[in-house]
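Working through the structure, step by step
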Amino acid sequence: MTPRPRTALLDAPPHVITVGAGLLDEALRAQAVRTTPVDWRPPLPGTAEALATVLADPRRQAANERAVGRLLSARPHLAGVRRASEVLPAGTFLHAGPPITWERASGPMRGALVGAMLLEGLAGDEREAGDRLAAGAVELAPCHEHAAVGPMAGVVSPSMWLFEVNDAEHGGTAYCSLNEGLGKVLRYGAYGPQVLERLRWMDEVLGPALAAALERTGPIDLRALMAQALQMGDELHNRNRAATSLLLRVLAPALVETASEHAASVLRFIDGNDHFFLNAGMAAAKVSADAARDEPGSSLVVAMARNGTDFGVQVSGLGGRWFTGPAGVPDGLYLGSYGPADANPDIGDSTITETSGLGGFAMAAAPAIVRFVGGEVADAARATRSMYEITLAEHPAYQIPGLGFRGTPVGIDVALVARTGLLPVVNTGIAGRVAGTGQVGAGLVKPPVEAFTSALLTLAQSVSDQ
């Protein structure tokens, strides 16, 4: 029997699958042609061979499943508040981002280091502080290399108090400084008299009061609190209003009971600082991501951090090695008369929130965030949806009501970043480039491609060396 010719494609109206650039799809739709667009991109330039090697690594799938499984199962609890001198090496100041020297430090990083020298009584004025830092009077080390994180400049000196967060599932611990508020604050590189006065009050009043209150409350389940805050409109990087309120509800009775003399001033300070929870949330994200470290063959990103000069990433299968590129200047909204010319390149460890599926990855949960970082509500939802393409999982606890309670995208994979050409979405504050300025705005920033491609190339080399 002679087969009948297949003419359906010719007889039926055309249906075209379009790949890549949207211009072709738009042109066909304008002619009433039915289309199915496929959002395909070539791999990042120079990564094709390394990408093939990493994707073919027989260890990769199982290693990534173990690593991201530990990240997802972490149960961070706020266990206490401790002085940095109890947990830091003597003579060391911590800072945000990858390692950096005084000579390469940006304006806000220098300003924060100068302020810490003045706070600790290690210098009498700005000039002496700068001279002593240039001469190596204190050792500078990344927060991440001492189980800590710090927002913006992230400078931690011995007298400061730190949130202590423990992982009840895997046993890890992470630390983060207490949040000063917005504007002219040390983490944005300001170090004037009002900055130092606030830090001394935090040293003498806030830290001890919080320490006593947390002894009374016992460990606070941050995972449960953060999950609730996401459903109340936070994304837990640049919007922490709900999380701060929830934490305050837990702490308030204990503060009144254990620090009645200072309870009113402490409660007023927290109430007036919508970002107060950020630092506890950063430590929770850090201890969760650290649980995924050191899995041979894993291409999972376990840290993203910036020091105002470099943007760096660390990958589970590559130990503590940093892969860096130049930090970019955020695009966003500016305060008062400030503008892009006043902005320093991106800075801070707060991208640990994006690393653990929060912040820019959860913007669909926080439509109000666009009033702080710019854009439209639809942009926030688009940003979150795009991140599912470069991540390995959806968080079972951190859910987004506006996406049908879908879990936030979590577990950035350097191989998927290279394969899709999509870079992690990061929302951030903007520090003034001149030391002493403080905050000048907030917005979105693109990480440098080099940080991810260099990590992928090294991962491929490690596969070849097996």
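Details of the structure are given in the entry above.
Residue numbers here run from 1 along each chain, matching the order of that chain's written sequence. The model is predicted, so local features are restricted to residues of pLDDT at least 70 and side-chain atom pairs to those at 80 or more, both for listing and for counting; the totals for chains, interfaces and linings are taken over all residues. Side-chain measures here rest on the full set of heavy atoms in the structure, leaving out hydrogens and waters.

Some thoughts on the packing of helix 7 (residues 193-217) against helix 9 (residues 241-258)
Two measures define how a pair of helices packs: the angle their axes make with one another and the distance between the axes. Note on method: axes are straight lines fitted to C-alpha atoms, helices fitted across the in-contact stretch only, with angles between N-to-C directions ranging 0 to 180 degrees. Segments assigned H or I by DSSP are reported as helices when at least four residues long, segments assigned E as strands when at least two residues long, and all are numbered from the N terminus. Two elements in contact, helix 7 and helix 9, have axes separated by 8 Å at closest approach and are oriented at 110 degrees. The angle between helix 7 and helix 9 places the two elements in the roughly perpendicular class. In contact with Ala209, Leu210, Ala212, Ala213, Leu214, Arg216 and Thr217 of helix 7, helix 9 contributes Val250, Leu251, Ala254, Leu255, Glu257 and Thr258. Comment on the angle field: the value is read as roughly parallel under 35 degrees, roughly antiparallel over 145, roughly perpendicular from 65 to 115, and oblique elsewhere. Contact criterion: two residues are considered in contact whenever any of their non-hydrogen atoms come within 4.5 Å of each other.

Some points on the pattern of salt bridges
We count a salt bridge whenever a side-chain nitrogen from Lys or Arg sits within 4 Å of a carboxyl oxygen from Asp or Glu. In total, this model carries 17 salt bridges according to the counting rule given. Between Glu169 and Arg75 there is a salt bridge, with the nearest N and O atoms lying 3.2 Å from each other. Linking Glu169 in the loop between strand 7 (161-167) and strand 8 (173-177) with Arg75 in the loop between helix 4 (60-73) and strand 3 (76-83), this pair joins segments that are 94 residues apart in sequence. Linking Arg104 and Asp310 is a salt bridge whose minimum nitrogen-to-oxygen distance equals 2.9 Å.

Observations concerning the side chain of Arg306
Within the fold, Arg306 resides in strand 10 (residues 301-307). In protein, a polar contact requires one atom able to donate a hydrogen and another able to accept it; more generally it is a pair of N or O atoms within 3.5 Å, and residues adjacent in sequence count only if both atoms are side-chain atoms. There is a polar contact of 2.8 Å between the side chain of Arg306 and the side chain of Thr428. Ignoring anything within four residues of it in the chain, the contact list for Arg306 reads Ala96, Gly97, Pro98, Phe311, Asp346, Ile347, Gly348, Asp349, Ser350, Thr351, Val426 and Thr428.

Re the pairing of strand 16 (residues 406-412)
Where burial is concerned, most of strand 16 is hidden: six out of the seven residues are buried. Each pair of strands is called paired provided DSSP finds at least two bridges between the two strands. Note that strand 15 (residues 391-400) and strand 16 share five bridges and pair antiparallel. When the bridges of strand 16 are listed, Glu394 appears paired with Pro409. Taking the residues that link successive antiparallel strands as the turn, the strand 15-strand 16 hairpin has five residues, and the phi of Gly404 there is positive, at about 70 degrees. Relative accessible area decides the class of each residue, using a 1.4 Å probe on protein chains only: under 20% of the type maximum gives buried, over 50% gives exposed, and in between gives partly exposed.

Some thoughts on the pairing of strand 10
Extensive coverage of strand 10 is indicated by the burial of seven of its seven residues. Where strand 10 lies against strand 11 (residues 310-315), five bridges are found, and the strand directions are antiparallel. Opposite Arg306, over in strand 11, you have Phe311 as the bridge partner. The antiparallel hairpin formed by strand 10 and strand 11 contains two residues in its connecting segment, where Gly308 sits at a positive phi of about 90 degrees. Two strands pair when backbone bridges link them, and strand 10 and strand 14 (residues 347-348) are joined in this way by two bridges, in the antiparallel orientation. Each residue of the ladder has a partner; that of Asn307, found in strand 14, is Ile347.

A look at helix 3 (residues 48-55)
Of the residues making up helix 3, those classed as buried are Ala50, Leu51 and Val54. The arc enclosing the buried residues of helix 3, seen along the axis, measures out at 100 degrees, which places them on a common side. Of the exposed residues in helix 3, those oriented more than 90 degrees away from the buried face are Ala48 and Glu49. Contacts made by the buried residues of helix 3 are with helix 4, helix 15 (414-420) and helix 16 (449-464). Throughout, the arc means the angular range of directions from the helix axis out to the C-beta atoms.

A closer look at the sheet that holds strand 14
Ordered by their spatial adjacency, four strands build an open sheet running 12-11-10-14, and the pairing between neighbours is antiparallel. At either margin of the open sheet sits one strand with a lone partner, and together these are strand 12 (323-326) and strand 14. Here strand 11 pairs with strand 12 via four bridges, running antiparallel. Across the sheet, residue Val313 finds its bridge partner in strand 12, namely Phe323.

Overview of a negative patch on the surface
In this analysis, a patch consists of residues with relative accessible area above 30% that form no salt bridge, clustered at 9 Å for like charges and at 5 Å for the nonpolar side chains Val, Leu, Ile, Met, Phe, Trp and Tyr. Residue exposure ignores everything except the shown protein chains as possible cover, and the areas themselves are Shrake-Rupley values with a 1.4 Å probe. Charge counting treats Lys and Arg as positive and Asp and Glu as negative, with His and both chain ends excluded. Taken as the charge centre is NZ of Lys, CZ of Arg, CG of Asp or CD of Glu, depending on the residue. On the surface, Asp125, Glu126, Glu128 and Asp131 cluster together into a patch of negative charge. With respect to the helices and strands, Asp125 occurs in the loop between helix 5 (107-119) and helix 6 (126-134).

Brief notes about the sheet that holds strand 13 (residues 331-334)
One open sheet holds the three strands; their spatial order is 13-18-17, and the pairing between them is antiparallel. Of all strands in the sheet, those with a lone pairing partner are strand 13 and strand 17 (426-431), marking the two edges. On average, each strand axis in the sheet is inclined to that of its neighbour by 25 degrees, with strand direction left out of account. The pairing of strand 13 with strand 18 (residues 439-445) spans four bridges and is classified as antiparallel. Paired with Gly332 across the bridge in strand 18 is Gly443.

Note that all results are geometric; they support no functional claim without further evidence.
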